[in-house]
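Okay, here's what each chain looks like letter by letter:
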Amino acid sequence: FEMASLIALNVTTAINYGTIALSADGPQQTITFTNTGNRALDTDQSGTGDMVCSGEGSINIPIGQAHLSPTNGFIWTAGQALTSFITFFDLSLAQRTDDSTPSTKNAYLVLRMLDTSLRGTCSNTITFTAKADV
């Protein structure tokens, strides 16, 4: 018999960088991916665009200032820049073995702050879409 494959993923819902000095790298943030399907997974990422800042007179932070990596402790230049268009991210998340043992994997984000005036809270939405690991 043949079982239908399910490609499904749960992802950390929020990242908070806190306060970051101008021209500095923010603290590394962890994103946890959980395979809720029955296939090994990779993912695509896409963002809504630049991080929109709420402060009066503030500019927005380009989405590419946030870099993503599967490696803990990576330096910003070694990461993959986030984009507003669909981009492959090699997650290589293993298939879960049973319902009581989910398969999880972390990825990491670092935001490099601009060297110009920013005020308020800055935010955007990043979407991760599960796809079969080939």
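Calculation rules
- Residues numbered from 1 in each chain as written.
- Predicted model: local features only at pLDDT ≥ 70, side-chain atom pairs only at ≥ 80, totals over all residues.
- Heavy atoms only, no water.
- Helix = DSSP H or I, 4+ residues; strand = E, 2+ residues; numbered from the N terminus.
- Buried < 20%, exposed > 50% of the residue type's maximum accessible area, 1.4 Å probe, protein only.
- Contact = heavy atoms within 4.5 Å.
- Areas by Shrake-Rupley, 256 points an atom, 1.4 Å probe, with all protein chains shown as cover.
- Salt bridge = Lys/Arg side-chain N within 4 Å of Asp/Glu carboxyl O.
- Pairing = 2+ DSSP bridges.
- Axes fitted to C-alpha atoms, helices over the stretch in contact; angles between N-to-C directions.

> Looking at this structure, how should I read the overall build of the protein chain?
Across its full length, the protein chain holds zero helices and 10 strands. Listed by position from the N terminus, the elements making up the protein chain come as β-β-β-β-β-β-β-β-β-β. Here the C-alpha coordinates of the protein chain stretch approximately 60 × 25 × 25 Å along the principal axes. In the protein chain, buried positions account for 37% of the 134 residues. Within the protein chain, residue pairs in contact and separated by at least 24 positions form 78% of the contacts whose partners lie at least 6 positions apart. Surface summary for the protein chain: the accessible area is close to 7600 Å², and the carbon and sulfur share equals 51%.

> Just to check I follow, could you spell out the pattern of salt bridges for this structure?
A pair can form between side chains of opposite charge whenever their charged atoms are brought close. Per the counting criterion, the structure on display carries two salt bridges. Here Asp 44 makes a salt bridge to Lys 131, at a shortest N to O gap of 3.5 Å. In this pair, Asp 44 is assigned in strand E3 (residues 41-47) and Lys 131 in strand E10 (residues 126-132), connecting sequence segments 87 residues apart. Its relative accessible area of 16% is what places Asp 44 among the buried residues. Relative accessible area serves as the criterion here: at 31%, Lys 131 is assigned to the partly exposed category.

> Sorry, what's going on with the sheet that holds E10 here?
Hydrogen bonding along the main chain pairs the strands of a sheet, whether they run parallel or antiparallel. Read from one edge of the open sheet, three strands run E7-E3-E10, paired in antiparallel fashion. Two strands close off the open sheet at either side, each with one partner strand: strand E7 (87-93) and E10. Each neighbouring strand pair of the sheet contributes to a mean axis angle of 30 degrees, computed without reference to strand direction. Taken together, the seven bridges between E3 and E10 define a ladder with antiparallel strand orientation. Opposite Gly 47, over in E10, you have Ile 126 as the bridge partner.

> What's the story with the environment of Val 110 in this structure? I'm lost.
Mapping Val 110 onto the fold places it in strand E8 (residues 103-111). Note on Val 110: relative accessible area 5%, which makes it buried. Spatially, the C-alpha atom of Val 110 lies 21 Å from that of Ser 54, the residues being 56 residues apart in sequence. Once residues within four sequence positions are removed from consideration, Val 110 is found in contact with Tyr 17, Asp 25, Gly 26, Gln 28, Gln 65, Ala 66, His 67, Phe 74 and Trp 76.

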